[in-house]
Amino acid sequence: MWEAETYDVLFSEMNGTGNLMDFLDEPFPDVGTYEDFHTIDWLREKSRDTDRHRKITTKSKESYWELIKSLLDAWSGWVVMLLIGMLTGTLAGVIDLAVDWMTDLKEGVCLSALYYSREQCCWTSNETTFEDRDKCPQWQKWAELMTGHSEGAGAYVLNYFLYVLWALLFSFLAVSLVRVFAPYACGSGIPEIKTILSGFIIRGYLGKWTLLIKTVTLVLAVSSGLSLGKEGPLVHVACCCGNLFCSLFSKYSKNEGKRREVLSAAAAAGVSVAFGAPIGGVLFSLEEVSYYFPLKTLWRSFFAALVAAFTLRAINPFGNSRLVLFYVEYHTPWYMAELVPFILLGVFGGLWGALFIRGNIAWCRRRKTTLLGKYPVLEVIVITGITAVLAFPNPYTRRSTSELISELFNDCGALESSQLCDYVNNPNMSRPVDDIPDRPAGPGVYSALWQLALALIFKIVITIFTFGMKIPSGLFIPSMAVGAIAGRIVGIAVEQMAYHHHDWIIFKNWCRPGADCVTPGLYAMVGAAACLGGVTRMTVSLVVIMFELTGGLEYIVPLMAAAVTSKWVADAFGKEGIYESHIQLNGYPYLDVRDEFTHRTLATDVMRPRRSEPPLAVLTQDSTTVEDVETLIKDTDYNGFPVVVSRESERLIGFVQRRELTVAIKTARQKQDGVVSSSVVYFTEDNPQVAEACDPQPLKLRRILNLSPFTVTDHTPMETVVDIFRKLGLRQCLVTRSGRLLGIITKKDVLRHMAQMMNQDPESIMFN
């Protein structure tokens, strides 16, 4: 990452060395690729793409065929985006339909068609009446189907038992498939996607098996009723689709930097189909996930999100001809006085976010360091069992989390049959249906409030232990559920205060008797945004996702107030969101652009070797043998080696990559006559001379030498070094004084130094 790749022009005169063959005239297989769990060289990848583009442009002037090839190359990016959008939208639609069916399968079955969910079954039934619109004869619960009785203690116990049994079966299948076929399919995937987009290599994380298993197990995990969502894992699924289509075009498959531009756009498509929010998806990729996001990637992300959303809309998994998950229609504007409870919900969201991150990270650390981590299947089964047993008695935790949020967001219309809408109606009321005035709460509302309070405590606790298990698990929907429950409770409280105390000064100016003043569903929406913001620390993309998700465009200001407040409150307890915390927990080499480095240290304080360490491993330009190089490679695990004029002068010439050096020597031994262990390796520009006929043939490796490695002086402030690593995506830089090599600083050294300065364990950074 520290340099542009520089190649020498091959010499044409051999000067008496007729047998010498510069076998590097043709590119090697594998040169330029990276080892697993290593960081890519951003500058080098950029330079390679520039060279490739320059070559294509030059050739396009030679013939019409080359011109057509250059046009196809230019359009390949848009073709990839089209394919990603279509596949991501299709998979999201299939996942939504499968989750609806399997979630309802825990409670009963449709007699007219086994593959129908409850909602689809009741749509097709001609026997459903308006009075009994929540029931339909075609849908039967398991107890009714098996025993013929739908009421009574026996039926309840049988339904309870089968609900728990189905949940355990689904979660067992999910964790077993992940463990056996694709271990990388577990979790949310967003921390790893962020790390990969910053330049880290994790082979197989975006592979075909991971895509297949994650898609299947995501349906099983969500259907099991665990406190998790499918939105985060859909970003992982979309990036797997992006990686799959990158392999079809050499422009992306052979350049890790270009591949990451595609993956950034794929992440936008993932959020687009997860929430039905294409603009929010683009902003999410820009704000939360991507490390390098040029303007070209912004346009392509927009296109991929558009195609994905269009594909999902064509499938219409929600059956409401709308793209959004929680469409709402509120008929009352919000008032300035309501900003106070909105901000209080923001405070709650920030506190919940800080509590969740600390609790979840502590539990995940315990999982990694104790016997708990050795029994992932048992952990999933136990958590699923506890969740199902506690969730069934409460109707608000029994149903799917998406259905719960949808009900909490809804405004109470005249046709609503929910307990939350059990208000005492005034028989003399003669107003339009859409403008129902505030009314006193009935017994159903008070009963629902108790159930929601219990559901809130349950969701807060169980989500801490669920996120991070060895199954696909998203965090967006559980976080939104916590906020929506809290928001609805606050909304009903404010509504009843406004009804019973409309003469108070805070209500007098805007809430007249008989008016529709307060919308509890709006409070649920604001609370959901606040809690999601507190956990992830999103702001701009969060607000856009929320108003796209609900269609509540005029409620942007309350959403913004809650999102900003929750971020401020959560940041007071720690700057890292949940994804950054999991990156730190796993020891990934992620250099966050939002971290501030204010310590007064110098490059010489961080560089290696330290005083107590052996000298830096280097190669000389014309006195190192093949055997010396092979021994150095065998005895060390460094990513590369500086090349100096001599060990005495230590004047820096350049830097050579370990992998390229290994492949070059291996290929030379196979293809070039006379290269033996005693052959001298030359990095000089002049042609090596063979002194006597009996001397072994020299090996010239000038072409794989990077002549412009990034260097800093030993007195460069670390604040500047950290900034350089962030903005240029460096892999390492060399430390010199007056051209003399002193040491080296790698990305791992920078991260360890930053951790040490923040009184954290520097050894937690495990990868380069």
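Residues numbered from 1 in each chain as written. Predicted model: local features only at pLDDT ≥ 70, side-chain atom pairs only at ≥ 80, totals over all residues. Heavy atoms only, no water.

**Examining the overall build of the protein**
On a plain count of helices and strands, the protein comes out with 28 helices and 11 strands. Residues counted as buried form 55% of the 768 residues belonging to the protein. Within the protein, residue pairs in contact and separated by at least 24 positions form 75% of the contacts whose partners lie at least 6 positions apart. For the protein, the accessible surface area stands at approximately 33,900 Å², while carbon and sulfur atoms represent 59% of it. (Helix = DSSP H or I, 4+ residues; strand = E, 2+ residues; numbered from the N terminus. Buried < 20%, exposed > 50% of the residue type's maximum accessible area, 1.4 Å probe, protein only. Contact = heavy atoms within 4.5 Å. Areas by Shrake-Rupley, 256 points an atom, 1.4 Å probe, with all protein chains shown as cover.)

**A closer look at the confidence of the model for the protein**
Per-residue pLDDT for the protein has a mean of 85; in total, 88% of the residues score no lower than 70. Taken as a whole, residues 1-29 scores under 50 in pLDDT and shows 83 contacts with residues more than four places along the chain or in a different chain. Here residues 430-434 scores under 50 on pLDDT; set against residues more than four positions off or in separate chains, the count is four contacts. (pLDDT = per-residue confidence, 0-100.)

**Side note on helix α21 (residues 540-550)**
Most of α21 is tucked away, with 10 of its 11 residues classed as buried. Looking only at α21, the buried set comprises S541, L542, V543, V544, I545, M546, F547, E548, L549 and T550. The inward-facing, buried residues of α21 contact α10 (256-275), α11 (278-289), α16 (401-409), α18 (476-500), α20 (520-536) and α22 (556-573). Looking one or two residues past α21, G551 carries a phi angle of roughly 80°, positive in sign.

**Comments concerning the pairing of strand β10 (residues 732-737)**
The element β10 is largely enclosed, with a buried count of five among its six residues. The sheet contact formed by strand β9 (residues 711-713) and β10 spans three bridges and is parallel. Pairing of T711 across the sheet is with L734, part of β10. Handedness of the β-α-β unit built from β9, helix α27 (residues 718-728) and β10 comes out right-handed. In terms of strand pairing, β10 meets strand β11 (residues 740-746) through six bridges, oriented antiparallel. Its bridge partner being in β11, Q732 is matched across the sheet by T746. The antiparallel pairing of β10 with β11 creates a hairpin that spans two residues between the two strands, and S738 there sits at a positive phi of about 55°. (Pairing = 2+ DSSP bridges. Right-handed = clockwise from strand over helix to strand, strands pointing away.)

**Some points on the pattern of salt bridges**
Tallying each qualifying case throughout the model produces 24 salt bridges. In this structure, the salt-bridge partner of D49 is R52, at a minimum N-O distance of 3.3 Å. With D49 and R52 both in helix α1 (residues 42-59), this residue pair falls three residues apart, about one helical turn. A relative accessible area of 13% places D49 in the buried class. The exposure class assigned to R52 is partly exposed, which follows from its relative accessible area of 24%. A salt bridge links D749 to R608; the shortest N-O distance between them is 3.2 Å. In this pair, D749 sits in helix α28 (residues 747-757) while R608 sits in the loop between α24 (603-606) and β3 (619-620), placing the two residues 141 residues apart along the sequence. Each of D49, R52 and D73 takes part in one network of salt bridges that share partners. (Salt bridge = Lys/Arg side-chain N within 4 Å of Asp/Glu carboxyl O.)

**Quick notes on the packing of helix α13 (residues 339-369) against helix α17 (residues 443-466)**
Where α13 meets α17, the closest approach of the two axes is 7 Å, and the angle between their N-to-C directions is 40°. Every residue of α17 that contacts α13 at F348, W352, L355, F356, G359, N360, W363 and R367 is listed here: L456, I460, T463, I464 and F465. Looking at side-chain class alone, the contact of α13 with α17 contains nine nonpolar, three polar and one charged residues. (Axes fitted to C-alpha atoms, helices over the stretch in contact; angles between N-to-C directions. Nonpolar A, V, L, I, M, F, W, Y, C, P; charged D, E, K, R; others polar.)

**Considerations on helix α26 (residues 658-671)**
Along its 14 residues, α26 runs 20 Å from first to last C-alpha, staying within 8% of the 20 Å computed at 1.5 Å per residue. Restricting attention to buried positions, one finds in α26 the residues R658, E660, L661, V663, A664, I665, T667 and A668. Close packing links the buried residues of α26 with α1, β3, α25 (626-635), β5 (640-644), β6 (652-657) and β8 (699-700). (Expected span 1.5 Å × (residues − 1).)

**A word on the sheet that holds strand β7 (residues 680-682)**
Taken in spatial order, the three strands line up as β4-β7-β8 in an open sheet, and their pairing is mixed. A strand with exactly one partner marks an edge of an open sheet, and here the two such strands are β4 (624-625) and β8. When β7 meets β8, the two strands line up parallel, connected through two bridges. Counterpart to V681 in the pairing with β8 is L699.

**Here we look at the environment of K258**
If you trace the backbone, K258 turns up in helix α10. On the accessibility criterion, K258 (4% relative accessible area) is buried. C-alpha of K258 to C-alpha of K46: the two residues are 212 residues apart in sequence and 8.1 Å apart in space. Once you skip the residues sitting within four places of it in the chain, K258 turns out to touch D49, K251, Y252 and K296.

**A look at the side chain of T565**
Along the chain, T565 turns up in helix α22. Judged by relative accessible area, which is 11%, T565 ranks as buried. Beyond its immediate stretch of four places on either side in the chain, T565 contacts I343, G346 and V347.

**Digging into unusual backbone geometry**
Trans peptide bonds make up the majority, and among non-glycine residues the majority have a negative phi. Look at the link from R608 to P609: it is a cis peptide, with omega at 5°. Although it is not a glycine, R537 adopts a positive phi angle of roughly 65°. Along the chain, R537 falls in the loop between α20 and α21. Residue S738 is not a glycine yet carries a positive backbone phi of 55°. For S738, the location among the structural elements is in the loop between β10 and β11.

**Here we look at a nonpolar patch on the surface**
Residues L371, Y375, L378, V382, I386, V389 and L390 make up a contiguous nonpolar surface patch of roughly 660 Å² in combined accessible area. Here L378 is to be found in helix α14 (residues 376-391). (Patch = residues over 30% accessible without salt bridge, like charges linked within 9 Å, V, L, I, M, F, W, Y side chains within 5 Å.)

**Let's talk about the packing of aromatic side chains**
This structure, assessed with the given rule, holds 21 aromatic pairs. Aromatic ring contacts, followed pair by pair, group Y156, Y160, Y163 and F392 into a single cluster. Over the ring of W78 we find R300, and its NZ or CZ is 5.4 Å from the ring centre. The aromatic ring of F392 is capped on one face by R398, whose charged end is 4.2 Å from the ring centroid. (Phe/Tyr/Trp six-rings, centres within 6.5 Å; stacked < 30°, edge-to-face > 60°. Lys NZ or Arg CZ within 6 Å of the ring centre and 35° of its normal.)

**Some words on the state of the cysteines**
Counted under the stated rule, the structure contains one disulfide. The partner cysteine of C110 in its disulfide is C121, sulfur to sulfur 2.1 Å. Taking the torsion about the sulfur-sulfur bond, which here is approximately 75°, the covalent link between C110 and C121 counts as right-handed. Taken together, the residues C110 in strand β1 (residues 108-110) and C121 in helix α3 (residues 118-124) connect sequence positions 11 residues apart. Here the two residues C110 and C121 agree in accessibility, since each one is buried. (Disulfide = S-S within 2.5 Å.)

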